[in-house]
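Inside the fold
Residues per chain, in single letters:
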Amino acid sequence: MLAATNRPLFEWRWVERNADEIVRRLGEHLALTAAALAIGLVVSVALAVLSLRWRWFHAVALGTAGALYVIPSLGAFALLRPFFGLSFTTAVIPLATYTLLILLRNIVTGIQQVPAEVREAAIGMGFTRRRLLLRVEFPLALPVVIAGLRVAAVTTIGLVTVTAMLGMGGLGFFIRQGIQTTTPNPTAIIVGLGLSIVLAVLVDALLWLSERALAPWARKAGRA
Amino acid sequence: MNAFEQALEWLGQPDRWSWTAPSGIPYRTLEHLGFSALSLVIAAALAVPSALVLAHYRRGAFLASSAVNIGRAIPSFGLIILFWYLASRWEVNTSFWPLLLALVALALPPLFTNTYAGVVSLEPESVDAARGIGHTEVQIMLRIELPLALPVVLAGARVAFLQLVATVAIGAIVNNGGGLGRFIVDGFAEGARGYGEILAGGLAVIVLALACEGVFALLERFAVPRGLALSRQATMTTRPA
């Protein structure tokens, strides 16, 4: 299409000139990711509590989350676009939805993995059901929950770029911008794509470190 | 006129149900499935043999475990645009190859990782027995390891295919085709007038993905021998797209 005039593959000048915009879009990207993860986590915890109480509910919740998980993100954004416009809401609803399957599964698995002896000991010490969940089961499930959170975070960071097709998109904005100008701008594409990958790796590493800090016993026991 | 009415009107337009006109939903559905299937076949031809050989000799475990993580961190939207740009720079046919290449790249990790994991997790007795009765290494790979690992490989193919169906839609942004994603992207370009097309196109993509998931679920139930049925855990090696 537009191959006559090629810009260099990477121009530092462009990065310097657009530093403010890059920081702004990076913030937008992080905000969308954080909002989606927070909503997903709250909903998943609620679903997990109900799932642990009723087996049938767990099957229904997992099945629904699994079906929602295979919905193409562009289709989901398209479905919401006429109703919520080009808003944060349109972007966050599908992003949060995709985290449910991973988070719900890991929270339930994590809690079910708590050894029966530990649970019995806590009950023997007079823990109520709620205190057992909050003080014993959740903390012990933490490594598995954070493992799920890592997958969800990396996934969400990649998906946020797709919202650029609606004209939003955090770092995806640059990817889109790269082919929208009359002369394609490879620097914008590389910055958008590269920063999105770097962000995913950094957030993943940060969550991994937080797991080590919050659940040091998991390392000692030799669990990954 | 609200978005629903607009969508109904759009669905009632002439040619909308044509198998041969580019404005037809059936035509775009076939295009969508064809592109996804082509990418899956190419990716499988690359990933399955290499993972089979590496897993047989127990090499490349790190690659197998990190492939999915790398795949997850790379945004498909960015990859499609980057490949499109590189193709236009080298003056290749820009409506076909870059999207195909991006799709193949995205389908590789789940296929590679699942094939690898499927072979490595086999009980060593079956391989030892095959060796004991004089099978060569190639025979062991093709007649023992691949068939026994097949359910896990198919689970990877299912995940990869659904990811492809979602990504083809995104490809509409750079592609003259783009399957059902075409309607969504064209609708976006028209602002509020395009709401009907956006809504109907979005629904069509979602229905297609759910239908594919359903077909795969049935296939898995009927095609995989009960003794080889695998846990649901093994099927979730990737991400939505």
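Cut-off values and rules
- Residues numbered from 1 in each chain as written.
- Chains lettered and ligands numbered in written order.
- Predicted model: local features only at pLDDT ≥ 70, side-chain atom pairs only at ≥ 80, totals over all residues.
- Helix = DSSP H or I, 4+ residues; strand = E, 2+ residues; numbered from the N terminus.
- Buried ≥ 20, exposed ≤ 12 C-beta atoms within 10 Å, placed from the backbone.
- Contact = placed C-beta atoms within 7 Å.
- Expected span 1.5 Å × (residues − 1).
- Bend = angle between axes of the 7 residues up to and from the residue.
- Axes fitted to C-alpha atoms, helices over the stretch in contact; angles between N-to-C directions.
- Parallel < 35°, antiparallel > 145°, perpendicular 65-115°, else oblique.
- Left-handed = near helix turned anticlockwise from the far one by under 90°.
- Nonpolar A, V, L, I, M, F, W, Y, C, P; charged D, E, K, R; others polar.
- pLDDT = per-residue confidence, 0-100.

Overview of the overall build of chain A
- Of regular secondary structure, chain A possesses ten helices and zero strands.
- Along the chain direction, N to C, the helices and strands of chain A fall in the order α-α-α-α-α-α-α-α-α-α.
- When its C-alpha atoms are laid out on the principal axes, chain A stretches across 75 × 40 × 25 Å.
- Put simply, chain A has 224 residues, and 45% of those count as buried.
- In chain A, the proportion of contacts linking residues at least 24 apart, taken out of those at least 6 apart, comes to 73%.

Quick notes on the interface of chain B and chain A
- Chain B puts 39 residues into the contact, and the matching count from chain A is 40 residues.
- Contributing elements (two or more residues each) for the side of chain B that touches chain A: helix H3 (61–73), helix H4 (76–89), helix H7 (137–171), helix H8 (181–189) and helix H9 (195–223) of chain B.
- It is H9 of chain B that provides the largest number of residues to the side of chain B that touches chain A, a total of eleven residues.

Brief notes about unusual backbone geometry
All names here are of chain B.
- With a phi angle near 75 degrees, Asp15 is a residue other than glycine that sits in the positive phi range.
- If you trace the backbone, Asp15 turns up in the loop between helix H1 (3–11) and helix H2 (25–56).
- We classify Asp15 as exposed; it has 12 C-beta atoms within 10 Å.
- Residue Arg58 is not a glycine yet carries a positive backbone phi of 55 degrees.
- As for its position among the elements, Arg58 is in the loop between H2 and H3.

Describing H7 of chain B
- For H7 of chain B, which comprises 35 residues, the first-to-last C-alpha distance of 41 Å sits more than 12% below the rise-based estimate of 51 Å (1.5 Å per residue).
- Along H7 of chain B, the sharpest kink reaches roughly 60 degrees, centred on Leu150 of chain B and followed within four residues by the proline Pro151 of chain B.

Quick word on the packing of helix H8 (residues 172–180) of chain A against helix H9 (residues 186–214) of chain A
Residues and elements named next belong to chain A.
- Running from N to C, H8 and H9 cross one another at 160 degrees; their axes reach a closest spacing of 7 Å. With respect to each other, H8 and H9 are oriented roughly antiparallel. Relative to H9, H8 is oriented so that their crossing is left-handed. Only Pro186, Ala188, Ile189, Val191, Gly192 and Leu193 of H9 make contact with H8, whose side of the interface consists of Gly172, Phe173, Phe174, Ile175, Gln177 and Gly178.
- Split into classes, the residues belonging to the contact of H8 with H9 amount to eight nonpolar, four polar and no charged.

Here we look at the confidence of the model for chain A
- Per-chain confidence: chain A averages 91 in pLDDT, with 95% of residues scoring 70 or above.
- Element-level pLDDT for chain A is lowest in helix H10 (residues 216–220) of chain A, with a mean of 73, against a maximum mean of 96 in helix H2 (residues 19–53) of chain A.

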